[in-house]
Amino acid sequence: MPVTKLTIAPGIDQYTLINPNKTLAVMILNYGGTITHILTPDKTGAVRDVCLGFDNFESYKQANNPYFGAVIGRYANRLGQGKFTVDGKDYNVAINNGPNGLHGGLEGFDKKIWSVTVLSENPASIRLELVSPDGDQNYPGTLTTQLTYTVNDKDELSLEYKATTDKDTIINLTNHCYFNLSGLELNPNVLDHRVTMTDEVKAVLECDDNCLPTGKVLSWSEAPWMNFSGENAGKAIGARLENLQNTKGYDHPYVIHNEYKTDTADLPLRHAVTVYSPDTGIELDFSTTEPAFQFYTGGWINDQLVAKKAQGEVKLGSGAGFCLEASRNPDAPNKPDWRSSVLLQKEGVYTQKTVYAFHARLD
């Protein structure tokens, strides 16, 4: 069966999506829409689990879980001072990241139970749905969100989002999967992973000491250590960390395009990043319709956490995984030039599509 369901705790179901070639299997919880496992073969044919997570459901509820594999909403990334304005009314959400609101609040989409419908066996596809009531985490409007996960015979995991509201609100959704293409057992950190950004990645946003964008867009010449294109293509994640001590590695928003509207799914799917593990030969291609992505290299992962059994139960910690979080810009509701990308109106629709493709280099 390309789609199977296993109840792992009362009210908690884990769905497994497998492609026909059995070269990609993805496990997803109805709790937080969480991706718990991504299984794919390495250059020797050995199957590796290339995402961070836990073997047991209860661990996902612990306070030191850094959003492993979860859907993030209503507003992914940071809101300055936890404030925004919609239709002339000021709103305040929980401050949970220095002076910022982060990842939707104290009980964001990552902590909700989603309903699940199996859409297709070939390709293996499920649709998750969540209705977030008006006032949830102090966001306005009843927001109905659908997220479709699909695993296909091209070894692609696609995420297609759609959301509507009954009142004007703000929205910014993403998935917070942490990848380690070495499967952790061979290498418990990703500092040797090689990163290449395509010409679709135009620049990086300047951020202040609180990781909030200032509104300035930096060229590669202004921040050369952020550049993974041209002569810097294939650079190791850990090669230039001396420039990134305040953020303990990369934790920065990169720019793909500036078509700032709420429904990006009808825009081209742009291949933005390729990441490669020399340990396993596994390569990840990241493509999205979104205007931006947060490149985060796990600098703040708690060192008390351990990997899953299939990953050798190695100790986790700073740099154990990286994230490519397709999204709108951080703090966009408070930046006039970006606001149109996140202000979802009553008659409007929010959409986006992101694809993660896996394969192994045999050389």
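Structure's up top.
Residues numbered from 1 in each chain as written. Predicted model: local features only at pLDDT ≥ 70, side-chain atom pairs only at ≥ 80, totals over all residues. Heavy atoms only, no water.

(A) Structural context of the pattern of salt bridges. Scanning the entire structure with this criterion turns up 16 salt bridges. Linking E58 and K61 is a salt bridge whose minimum nitrogen-to-oxygen distance equals 4.0 Å. Taking the relative accessible area as the measure of exposure, E58 reaches 48% and is therefore partly exposed. Note that D134 is salt-bridged to K167, the shortest N-O span being 2.9 Å. Of this pair, D134 sits in the loop between β12 (124-132) and β13 (143-151) while K167 sits in the loop between β14 (156-165) and β15 (169-170); the two residues are 33 residues apart in sequence, bridging distant segments of the chain. Overlapping salt bridges bring together E107, K112 and D136 as one network. (Salt bridge = Lys/Arg side-chain N within 4 Å of Asp/Glu carboxyl O. Buried < 20%, exposed > 50% of the residue type's maximum accessible area, 1.4 Å probe, protein only. Helix = DSSP H or I, 4+ residues; strand = E, 2+ residues; numbered from the N terminus.)

(B) The arrangement of the sheet that holds strand β18 (residues 203-207) in detail. As summarised here, the arrangement of the five strands in space is β19-β18-β21-β24-β25, forming an open sheet in which the pairing is antiparallel. Each of the sheet's edge strands pairs with one partner strand only, and the pair in question is β19 (213-218) and β25 (323-327). The average angle at which neighbouring strand axes cross in this sheet is 30°, direction not considered. Bridge analysis of strand β24 (residues 292-296) against β25 gives five bridges, and the strand direction is antiparallel. Note that in β25 the partner of F295 across the bridge is L324. (Pairing = 2+ DSSP bridges. Axes fitted to C-alpha atoms, helices over the stretch in contact; angles between N-to-C directions.)

(C) Summary view of the side chain of E283. Tracing the sequence through the fold places E283 in strand β23 (residues 282-288). Reaching out from E283, the side chain makes a polar contact with the side chain of H359 at a distance of 2.6 Å. Polar contacts involving the side chain of E283 include one to the side chain of R361, which spans 2.6 Å. Apart from the residues within four sequence positions on either side, E283 is in contact with L181, T274, V275, Y276, A357, F358, H359 and R361. (Polar contact = N/O pair within 3.5 Å; in protein donor to acceptor, adjacent residues only side chain to side chain. Contact = heavy atoms within 4.5 Å.)

As far as function goes, none of this settles anything; it's purely spatial.
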